[in-house]
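# Breakdown of the fold
The chain contents come next:
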Amino acid sequence: MSGAPREWDAAAYHRLSDPQLAWGRRVLERLRPRGDEDVLDAGCGTGRLTAELAAAVPDGTVLAVDASVAMVEQARRTLADLAPRVRVQVADLRDIVLAEPVDLIVSTAVFHHIPDHPRLFSALLGCLRPGGRLVAQCGGGPNLAGVRELVRRAAEDDLRLAALRGWPGPWEFADAPTAAARLRAAGFARVRTSVEAAPVPLGGPERFRDHLRAVTLRSHLARLGDDDARAALLDAVTDLSAAGDAPFTLDHWRLNLEGVRPGSG
Ligand SMILES: C[S@@+](CC[C@H](N)C(=O)[O-])C[C@H]1O[C@@H](n2cnc3c(N)ncnc32)[C@H](O)[C@@H]1O
């Protein structure tokens, strides 16, 4: 998580994560589970999608993990009624080792927060039984290129934002061929990757600014020294977006990833 704070404003994310939930639901549509799998939700956030994942495997189990303690506490509240079939734990996916490997790993809106994809994919392969599947989606390709350009312009124009000048941001937005090569190098078979556009129009300045603050630019804000600079960044990016071609729209692109651990289950 280079340059990204480990902790999140979990209450705000729970409230604002409708776009992530909608993307996650589309990932669940392509799971086609038997229904009795043991599943790892890798980076569960506040557990909104985890509850729907659990419903897709009514005779299975779900282990939901996340690196953020605040997210895990919120997810435990969200998923309390599903315990003990659904468990929630703090874990860093870069080092994760499971006592019992799983049949299926699902992960949505997480991998781009983890810069070292080779290490991540190797750790995830180790969590799967032979024949087990990874089905995931994260930011990729030209994700947020428009918002990143607005940040660059804001930082160029305001000395209070100098800490952002030249900073590439905390994310790893891989393209489809790169992601596929990394999955194969980690040992996955039957690899499939693709990138799709998924713009999020937020309708007005308040919602746009709220998303920037709690989700999109949280790492940028953490790099700035004081509240005055943080407010300046949010104001400038919101104003620049208002004047742009697609006002108050987050230009998201999603990278879909699938792979199988070789061997028969
Ligand atoms: C945008 S949220 C997505 C949460 C949920 N999957 C969803 O779709 O709403 C990204 C999550 O990834 C988690 N995360 C980032 N890096 C991680 C890591 N190295 N190990 C585990 N979780 C991580 C964050 O704590 C955060 O909860």
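The coordinates are above.
A brief report on the enclosed structure follows. (Residues numbered from 1 in each chain as written. Predicted model: local features only at pLDDT ≥ 70, side-chain atom pairs only at ≥ 80, totals over all residues. Heavy atoms only, no water.)

For the rest of this paragraph, the subject is the packing of helix H2 (residues 18–29) against helix H3 (residues 48–56). Packing of H2 against H3 brings their axes to within 9 Å, and their N-to-C directions diverge by 20 degrees. Classified by the interaxial angle, the pair formed by H2 and H3 is roughly parallel. In the crossing of H2 with H3, the sense of the turn from one axis to the other is right-handed. Two secondary-structure elements touch here, H2 through Asp18, Leu21, Gly24, Arg25 and Leu28 and H3 through Arg48, Leu49, Glu52 and Leu53. A per-class count over the contact of H2 with H3 returns four nonpolar, one polar and four charged. (Axes fitted to C-alpha atoms, helices over the stretch in contact; angles between N-to-C directions. Helix = DSSP H or I, 4+ residues; strand = E, 2+ residues; numbered from the N terminus. Parallel < 35°, antiparallel > 145°, perpendicular 65-115°, else oblique. Left-handed = near helix turned anticlockwise from the far one by under 90°. Contact = heavy atoms within 4.5 Å. Nonpolar A, V, L, I, M, F, W, Y, C, P; charged D, E, K, R; others polar.)

Moving on, we get to the packing of helix H8 (residues 205–216) against helix H10 (residues 227–242). Helix packing for two helices is described by the angle between their axes and how far apart those axes are. Remark: H8 packs on H10, axes separated minimally by 10 Å, with the N-to-C direction vectors making an angle of 135 degrees. Looking at the two axes, H8 sits oblique to H10. Helix-helix and strand crossings are classified by hand; for H8 and H10 the assignment is right-handed. In contact with Pro205, Phe208, Arg209, Leu212 and Arg213 of H8, H10 contributes Ala231, Leu234, Asp235, Val237, Thr238 and Ser241. When its residues are assigned to classes, the contact of H8 with H10 shows six nonpolar, two polar and three charged.

Take unusual backbone geometry next. Ala83 connects to Pro84 through a cis peptide bond whose omega is 5 degrees. The residue Pro84 is located in the loop between helix H4 (69–78) and strand E3 (86–90) in this model. Residues other than glycine seldom take positive phi values, yet Arg32 does so here, at roughly 45 degrees. One non-glycine residue, Phe248, adopts positive backbone phi at about 55 degrees. Residue placement: Phe248 occurs in the loop between H10 and strand E8 (249–250).

Let us look at the sheet that holds E3. Sheet architecture is open: seven strands sit in the order E3-E2-E1-E4-E5-E9-E6, paired in mixed fashion. With one partner strand each, in any of the chains shown, E3 and strand E6 (189–197) form the two edges of the open sheet. For this sheet, the mean inter-axis angle between neighbouring strands, taken without regard to orientation, is 15 degrees. Running at roughly 160 degrees to strand E2 (residues 61–66), H3 makes contact with strand E1 (38–42), E2, E3 and strand E4 (102–108) of the sheet. Along the sheet face, H4 touches E2 and E3 and points at about 165 degrees away from the line of E3. (Pairing = 2+ DSSP bridges.)

On inspection of all chains with the given rule, the structure shows one cavity of 30 Å³ or more. Within this model, the largest cavity holds a volume of roughly 660 Å³. Taken together, 44 residues make up the lining of the largest cavity; nearest its centre are Trp8, Tyr13, Ala109, Val110 and His113. Secondary structure elements with two or more residues in the lining of the largest cavity: H2, H3 and H8. Among the residues making up the lining of the largest cavity, the classes are represented as 23 nonpolar, 14 polar and seven charged. (1 Å grid on protein atoms, 1.4 Å probe; cavity = no way out; pocket = protein on both sides within 12 Å on 5 of 7 lines; lining within 4 Å. Points joined across faces, edges and corners; volume = space filled by probe spheres on them.)

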